[in-house]
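A closer look at the structure
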Amino acid sequence: MFTKLDYAKDITEQYSQLASQLDALLTGEKNIYANLSNTSALLNQFFDRINWVGFYLMDNDELVLGPFQGLPACIRIPLGKGVCGTVAQTKDSIIVPDVNAFPGHIACDAASQSEIVIPIVKDGTIFGVLDIDSPELDRFSEDDRIGLEKLIRILVKHL
């Protein structure tokens, strides 16, 4: 049904293509877990040089592991702890060029060296976070942050 696209060379155009692909993939489906699962799979095939992509979802006052692609991961993360817990608490995206330099980083996969985490906010309330890890230092850019925030806005329409 889906094949890997040859994305444009320009990163902004790549994210525009990915956004269109995500919106088409999720249109008509209302199941949260199906949409999160397909989103993580789509991101996994889009990105190179990553080792984990997935979601942590709010459950009472902590994040709980949701759909993902990669090795088994930490199951529960308290608000304000690690990169994901910090993003869930502040509702601000974070790019971490070197996870070992982030105070309180939670190492779920020892191979991870850099990370980007984007909050998922629905109706003003934190729903969860998108977490992407890379085995390379400084893998993620501001262009990635902007593009992923756009993708999350599309995802939220389908939750």
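In the block above lies the structure referred to throughout.
About the criteria used
Per chain, residues are indexed from 1 in the order of the written sequence. Only residues with pLDDT of at least 70 are given local features in this predicted model, and only at 80 or more are side-chain atom pairs given and counted; all residues enter the totals for whole chains, interfaces and linings. By convention in this description, side-chain values take in all heavy atoms of the structure and omit both hydrogens and water. The axes are straight lines fitted to the C-alpha atoms, using for helices just the contacting stretch, and the angles between their N-to-C directions are given from 0 to 180°. Runs of E in the DSSP output that reach at least two residues are strands. Runs of H or I that reach at least four are helices, and both are numbered from the N terminus. Any angle from 65 to 115 degrees is called roughly perpendicular, while one under 35 is roughly parallel, one over 145 is roughly antiparallel, and all others are oblique. Rotating anticlockwise by less than a right angle from the far helix to the near helix defines a left-handed crossing, while the corresponding clockwise rotation defines a right-handed one. Contact definition: two residues touch when any of their heavy atoms are within 4.5 Å. Ten residue types, Ala, Val, Leu, Ile, Met, Phe, Trp, Tyr, Cys and Pro, are classed as nonpolar, four, Asp, Glu, Lys and Arg, as charged, and the remainder, Gly among them, as polar. Counting rule for disulfides: a pair of cysteine sulfur atoms within 2.5 Å. Under the scheme applied here, a residue whose accessible area is under 20% of the maximum for its type counts as buried, over 50% as exposed, and between as partly exposed, the area being computed with a 1.4 Å probe on protein chains only. Put simply, the grid is 1 Å and covers the protein atoms alone, a cavity is a trapped set of points that fit a 1.4 Å probe, a pocket is an open set with protein on both sides within 12 Å along at least five of seven lines, and lining residues have an atom within 4 Å of a point. Grid points are joined across faces, edges and corners, and a volume is the space filled by probe spheres set on the points. Paired rings are identified among Phe, Tyr and Trp, the last through its six-membered ring, by centres lying within 6.5 Å, and are further divided according to the angle between planes into stacked (under 30 degrees), edge-to-face (over 60) and tilted (the rest). Two strands pair if DSSP finds at least two bridges between them.

This next bit is on the packing of helix H2 (residues 32-46) against helix H4 (residues 142-157). Interaxial distance between H2 and H4 falls to 12 Å at its minimum, and their mutual angle equals 155°. Comparing the axis directions of H2 and H4 gives the class roughly antiparallel. Classified by chirality, the crossing of H4 by H2 is right-handed. In contact with Asn 35, Leu 36, Thr 39 and Leu 43 of H2, H4 contributes Leu 148, Leu 151 and Leu 155. Per-class residue counts for the contact of H2 with H4 are five nonpolar, two polar and no charged.

Turning our attention to the state of the cysteines. Counted by the stated rule, this structure contains one disulfide. There is a disulfide in this structure between Cys 74 and Cys 108, and the S-S distance comes to 1.9 Å. Judged by the sign of its S-S torsion, about -125°, the cystine formed by Cys 74 and Cys 108 is left-handed. With Cys 74 in the loop between strand E2 (62-70) and strand E3 (76-78) and Cys 108 in the loop between strand E4 (94-96) and strand E5 (114-122), the pair connects residues that are 34 residues apart, well separated along the chain. Of the residues examined, Cys 108 reaches a relative accessible area of 32% and is grouped as partly exposed. Of all cysteine sulfurs in the structure, the one in Cys 108 sits closest to Cys 84, which takes part in no disulfide; the separation is 7.6 Å.

Let's shift gears to empty space enclosed by the protein. This structure, assessed with the given rule, holds one cavity of 30 Å³ or more. In this structure, the largest cavity encloses a volume near 150 Å³. Along its surface, the largest cavity is lined by 16 residues, and Ile 106, Cys 108, Glu 115, Asp 131 and Asp 133 are the ones closest to its centre. Of all the secondary structure elements, the ones that give two or more residues to the lining of the largest cavity are strand E1 (52-59), helix H3 (82-90) and strand E6 (125-134). Counting residues per element, the lining of the largest cavity draws most heavily on H3, at three residues. Its residues placed into classes, the lining of the largest cavity shows 10 nonpolar, two polar and four charged.

Here the focus is the packing of aromatic side chains. Applying the stated criterion across every chain yields a total of six aromatic pairs. Ring plane angle 55° and centroid distance 5.4 Å describe the contact between Tyr 15 and Phe 46, whose orientation is recorded as tilted. One end of the pair, Tyr 15, is in helix H1 (residues 11-26); the other, Phe 46, is in helix H2, and 31 residues separate them in sequence. Residue class for Phe 46 comes out buried when judged on its relative accessible area of 11%. Linked through ring pairs, Tyr 15, Phe 46, Phe 47 and Phe 140 together constitute an aromatic cluster.

Read across the open sheet, the six strands follow the order E3-E2-E1-E6-E5-E4; overall the sheet is antiparallel. Each of the sheet's edge strands pairs with one partner strand only, and the pair in question is E3 and E4. Each strand of the sheet is rotated relative to its neighbour by a mean of 25°, with strand direction disregarded. Along the sheet, H2 contacts E1, E2 and E6; its crossing angle with E1, the most-contacted strand, is approximately 155°. The sheet strands contacting H3 are E1, E2, E3, E4, E5 and E6, and the helix crosses E5 at an angle near 30°.

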